[in-house]
Structure formats: C-alpha cells, structure tokens
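# Reading the structure
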Amino acid sequence: MGNKKLDPITLSVLANRFESVCSEMGETMLRTSHSPIFSEARDFVTGVFDANGRMIAQKPYIAVLAGALPYCMKAILDFYDGDIQDGDVILTNDPYLGGNNHMPDFTVARPIFSGDEIIFWAVAKGHMVDTGSEGCCGYNPEASNIWQEGIRIPPSKIYKQGRFNRSVWNLLLNNVKMQSLFEGDLNCLVGATTLGERKLKHAMKTNGVRTLLQAVDQIIEATENHMREEIRKIPDGEYSAERHMDHDGFVRDKKVKIKLTVKVNGDRIIFDFTGSDPQVQGPINNTEANTFSSVCLALFMTIDPDIRKNGGALAPIELIAPQGSVVNCQEPAACTASTICGTATIVEAVWLALSQAVPELAQASWGRWSAPATMGFNDRTGRLFGDIHFMSKGGAGATLGYDGWNHLGVISCAGGLRSPDPELHELVTPYRILQYEYLADSCGPGKWRGGMGTAYRWLVEADGIISDNFGDGLMPETGPFGIVGGKGGKPSSLLVTRPDGSTEDPEVHKFVTLNKGDVYSIQGAGGGGYGDPFERSIDKVVDDVLDELISLETAREEYGVVLDLETMQVDKESTNRLREARK
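Before going into details, it helps to say that this report is about the structure given with it. (Residues numbered from 1 in each chain as written. Predicted model: local features only at pLDDT ≥ 70, side-chain atom pairs only at ≥ 80, totals over all residues. Heavy atoms only, no water.)

### Examining the sheet that holds strand S5 (residues 117–127)
The seven strands are arranged S2-S1-S5-S4-S3-S6-S7 in an open sheet whose pairing can be described as antiparallel. Of all strands in the sheet, those bounded by a partner on one side alone are strand S2 (55–59) and strand S7 (163–164). Pairing geometry for strand S3 (residues 89–92) and strand S4 (residues 105–114), over three bridges, is antiparallel. The residue bridging Thr92 from the neighbouring strand is Thr107, located in S4. Sitting on the sheet, helix H1 (residues 8–32) is in contact with strand S1 (44–50), S2 and S5, with an inclination near 145° to S1. Contacts between helix H5 (residues 166–173) and the sheet are confined to S3, strand S6 (156–160) and S7, with S6 contributing the most and set at about 130° to the helix. (Pairing = 2+ DSSP bridges. Helix = DSSP H or I, 4+ residues; strand = E, 2+ residues; numbered from the N terminus. Contact = heavy atoms within 4.5 Å. Axes fitted to C-alpha atoms, helices over the stretch in contact; angles between N-to-C directions.)

Quick look at the structure:
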C-alpha cells in the first residue's frame, strides 16, 4: 500500500478504532438480544476482518470463540469464492463446512464494500438458545453424530444484495422449538454486523480506504513481531503434559486423553497433540478450529496481555492435531461439548506444559464447568424458556503473586462470562434460588490459593423440565491441579433431591427430567493453588478463616496455621511448630 509508513500515533488511533467497532457491536448485542445467554452471560464474540480473511480486531467476550473466527471466514470465502455482493449477509454454524467451534455458535458475516471491492468484513458469533436438536440449548448428551446435534447450516445467504431471504429464514425457524428467542437472537447477530458496517464505512469516509488498509498491514505486522518477541522469552525445548476428560457419555468408565508436547524454537511455537485419543462416540470431540482456538486462549493468558488479538498474533502459532483424533475430529463426529470439556482439557494441558518452561508466568488450573442447561415451559410467563446455569461458575487458578479470582470460570470464557442477575433469572425461569454463595474449602491451597468455587441450589417450580449436565471435572483425576507446589481444588459435585427425599446424581453427559419440588444442588470446583501452602502469609490465612472461605481444619492441615477456636487468635507456638516440621 506504498512505502511510507503511518506514524505511530495515527497507527495507534486506527488500531483502537477497529477495536472500538468490535466493542460497539458487542454492546449492540447486549442491548438487543432476547435470550439471557446473550444479554446476561455475554456468550458471543465480534470481529473485523479484511477482504482476505485476516483478523484485524475482535472483542472476545467468550474467548474460545475468537480463535475460531478465522476458520469461519476462510470457510465463507472458499464457499462463496467470486459470488459475494454488497448487501449479502452470510450465516453458518457448521463445524465441518463452516469452520465453527460447535453447532450452537451461529456466525453471521457481512461484507463491507467500497465501490465494487470488498474492503472489510463485520462478523458476530454467539451461542443460540436452540439449534433444533433433542438437547437443551444446543447440547445433546446422547448425540453420537453431528446430525443429532441440530440443524447444520453451511455458509448461507440470509440476505442477498440487501434483500431478506425469507425462505432460508423460515427453514431455520421451522427447525427449532423456541422460535421467538431464536429469531430475536439471530436478528441481534445481524444487527451487530449492520452497526459494524456503518462504523467501518464512516472510518473509510473519514480516513480513506488506502490509509485504513495501510494501517491494517502495519498493525498485523507489528503484532506478529510483538508475538514473536514473547515466544522468544520462553526457553527453547520440548515440554509435555497430559490431561483427561471424564468420559464421552457412552463409555462411562473410560477417561479420554489429550496429550500435548509444546515445542519452542526461537520465535516459533508448535503445539503437537500426537498421542491424543482417537475421536469418540460422544459429543466431546474437538474440531481443529476449537483446538486451535483453545491453544490460543491458553497461550494468550500466559504471555503479555497487551498483545493485540489479530491475525498477526496467530501467525507464529503452529498446530499439529492428527486427523481423526479427539483434537481434530472428522465428520460426522459429534462435538457440541467441545467448547466446555475439550477446551478446558486442552488449556490445562498447555498450562501444565508451559509451567515447566516459564513457571513464573503459568497459572494453576481453573475449576471446570459442570452444570446443566435446562429448558421447558415456564408456567409463570406462559412461554418456553432455555437456560444455562452460569451461576455455578468455579474458581480461577492462582499464579505467581496472586490468588485465583473467585467464581470466575469457565476457562473457555477467560473471565468474560457474566453471571446472571438472580432476580432477573427468577423472572424468566420457573426456578427459585435457595443458595448462591462461595463454597468453603473449595479453593486449592497454595502460597497463593485458588479462587473460590460456588454453592448453588435452586428449587424447580414447574414440571417436565429437561436438564442436561454437559460439563466435566467430577473426578479427582480431572479436578483442578496446582503448580509449583500448590495443591488442587476440590472437583465439582451435583445432586438432584426429589420431594420424597430420594436423590439422583446428574453425572455428566446425561439427561435428567426435573419436576415441581425438585432441588438441584451444585458445588462448583475452586481453582488450583500456586506455591507451597505453608509459605502463605499467616495473616492471609487468618483472613480467609474469618471470611469463612476456609475452615479451621484446613488452616491447620493445609497451611500449618493454628487458631484458637474461641478467640480466633493465632496460636503462634503451635503454628511455628507445624511450619518448622515441614522444612
């Protein structure tokens, strides 16, 4: 675009302008969505791309969705090669034909023209409340192939040259149960790209197309250089780790292995998943797009947080994911639970491997997601509802110098997932919340402890509610781990108590029918700890006891701090004796 480079101030202003467009698209979605999955939990991502499908900027409310956006754009560009006109709006959700993470995430892309030439793309992607399957909110634990997970949408034009394509729209509506919520959120995605188009056209008018495209080249080049500098800070070598998912829902006594070797050589970093298990029957498989996105998430949370998340940041990352494995499943493998079970396990493997190379940058694992999606008829509103129980979020892992964040998970969201407002939640669902608080002793002990998990209980006030716990991490082997001498947090546990006092374990990847009077209880896992717990500040241990985050027993057994039961003062002699015995 010319030899003369833009000055740093102009470049920074334009880079921030692209990012602000993504943020405004996201704010539009928050204000126009119909389901709480968008409006409350922010389960979506927005992005801006150039004509060649290079990611310029993004707003990763749900971080694991962002790394797959380039796969979606490539699928759209390949599918409609030479057949894209001004006013087209393209929709896809297919993991195999559309480059998506999994079926519930609908991607809407709008080309932005200058004359007859595509200059940019505005893209919005979010988790839809209904995908037409037998499952809940897109999750079907009994799915053994992609067709059982919902309606498959290859790249399809829902607007052609600005004209509404009613036939495609009606086809989609006739394949989902919650049509009102579905249509509202699909319009929300389309509306976000409309705003993106308006903002980018204004930028083209005020700054000029040539200047903007020159800025894009320089932004992406500078980001790649920044990324390579960060990779060079990781010592050269190979670092291996192995983590597991509980099971696939069909073979319940077999854990599913993800094996990883991280290879660092100068400014190159390779994530080699050779040795991971073959793809399985159940819906926990990962497409290449989801695996790559999960790797990016884990790496970006380890290195300099100021790196811009664009195509330049992705360029140095290389992926080896054997075809037909659980990290690169092939059609028609089911994969809806990939963004939860698969992503958590992949991220954990990356962090565990990198903790061998750069322990000062690594963090302990987060509590995995283990909670249901539910759907049914709400007698109070006279409407169907769909809900993902985000109030059960677990704790984040600790890192050097910092305790883990409380009630922050799931890791695929990197802290971007917002818990619903309890009162609003009760308005739109047939539930009454009985308990919602930090779960004592859920955090992994460490010099810096893990974040707190959550105790969450609710009363069901309607009959015939379908529930699917699509999570993971209920086993000691799959619970949160600590690093550098820190200990793991407690795994999650779930229980349904019936009105007659009988109980049922919802497990994972299992349908459970809920009826009026049932109580669903979740004890969400805390995060893992970092460093030797006996080196934790005594004052911090005392504060945690007084705040009822840990018990007196945990203070003594895990941290070597003894408190008097009546006065809650530290018994210095007993404490010193315990701590000295550990040296």
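Structure's up, so let's keep going.
### Focus: the pattern of salt bridges
Applying the stated criterion across every chain, the model contains 37 salt bridges. With a closest N to O distance of 2.9 Å, Asp88 and Lys157 form a salt bridge. Highlighted residues: Asp88 in the loop between helix H4 (69–79) and S3 and Lys157 in strand S6, separated in sequence by 69 residues. The exposure class assigned to Asp88 is buried, which follows from its relative accessible area of 0%. We note a salt bridge from Arg152 to Glu331, for which the minimum N-O separation is 2.9 Å. Taken together, the residues span a long stretch of sequence, with Arg152 in the loop between S5 and S6 and Glu331 in the loop between strand S11 (317–320) and helix H10 (341–357) at a distance of 179 residues. Relative accessible area serves as the criterion here: at 18%, Arg152 is assigned to the buried category. (Salt bridge = Lys/Arg side-chain N within 4 Å of Asp/Glu carboxyl O. Buried < 20%, exposed > 50% of the residue type's maximum accessible area, 1.4 Å probe, protein only.)

### Observations regarding the packing of aromatic side chains
Applying the stated criterion across every chain yields a total of 17 aromatic pairs. Between Phe18 and Phe120, the ring centres sit 5.6 Å apart and the planes meet at 65°, which makes this aromatic pair edge-to-face. With Phe18 in helix H1 and Phe120 in strand S5, the pair connects residues that are 102 residues apart, well separated along the chain. Plain terms: the ring middles of Tyr159 and Phe164 are 5.5 Å apart, the flat faces sit at 45° to each other, and that makes the pair tilted. Clustering of aromatic rings is evident, with ring pairs tying together Phe385, Tyr431, Tyr436, Tyr456, Trp458 and Tyr520. Just above the ring of Phe300 sits the side chain of Lys309; from NZ or CZ to the centre is 5.5 Å. Residue placement shows Arg582 over the ring face of Phe534; its charged tip is 3.9 Å from the ring centre. (Phe/Tyr/Trp six-rings, centres within 6.5 Å; stacked < 30°, edge-to-face > 60°. Lys NZ or Arg CZ within 6 Å of the ring centre and 35° of its normal.)

### Here's the deal with the pairing of S4
For S4, the buried fraction is high: nine of the 10 residues fall into the buried class. In this sheet, S5 lies alongside S4 in antiparallel orientation, the contact comprising 10 bridges. Counted as the bridge partner of Pro111 is Trp121 from S5.

### Side note on empty space enclosed by the protein
For the coordinates displayed, the defined rule picks out four cavities of 30 Å³ or more. The space that makes up the largest cavity amounts to roughly 140 Å³. In terms of lining, the largest cavity is formed by 18 residues, of which the most central are Asp43, Tyr139, Thr339, Ile340 and Ser412. Looking at side-chain class alone, the lining of the largest cavity contains 12 nonpolar, four polar and two charged residues. Computed from the structure, the second largest cavity encloses a volume of approximately 40 Å³. (1 Å grid on protein atoms, 1.4 Å probe; cavity = no way out; pocket = protein on both sides within 12 Å on 5 of 7 lines; lining within 4 Å. Points joined across faces, edges and corners; volume = space filled by probe spheres on them. Nonpolar A, V, L, I, M, F, W, Y, C, P; charged D, E, K, R; others polar.)

### Considerations on the nonpolar core
When a protein is soluble and globular, its nonpolar side chains tend to lie buried together. Counting residues in each nonpolar core, the largest one holds 151 residues, and the members touching the most others are Phe18, Phe120, Trp121, Leu186, Phe271 and Ile317. Here this core gets 11 residues from one element, more than from any other, and that element is helix H6 (residues 179–207). Not counting residues up to four positions away in its chain, the partners in contact with Phe271 are Leu260, Thr261, Val262, Val295, Leu299, Ile317, Glu318, Leu319, Ile320 and Val350. Counting residues in hydrophobic clusters, the runner-up holds 11 residues, among them Cys443, Ala555, Tyr559 and Leu563. (Core = buried A, V, L, I, M, F, W, Y, C linked by side-chain atoms within 4.5 Å.)

### A short note on the sheet that holds strand S15 (residues 454–460)
For sheets, the rule is that strands pair by backbone hydrogen bonds, running either parallel or antiparallel. The antiparallel open sheet is built from five strands, whose spatial order is S14-S15-S20-S17-S18. A single partner strand is all that each edge strand has here, and the edge strands are strand S14 (431–438) and strand S18 (503–504).

Fair warning: the whole summary comes from geometry, so function is off the table for now.
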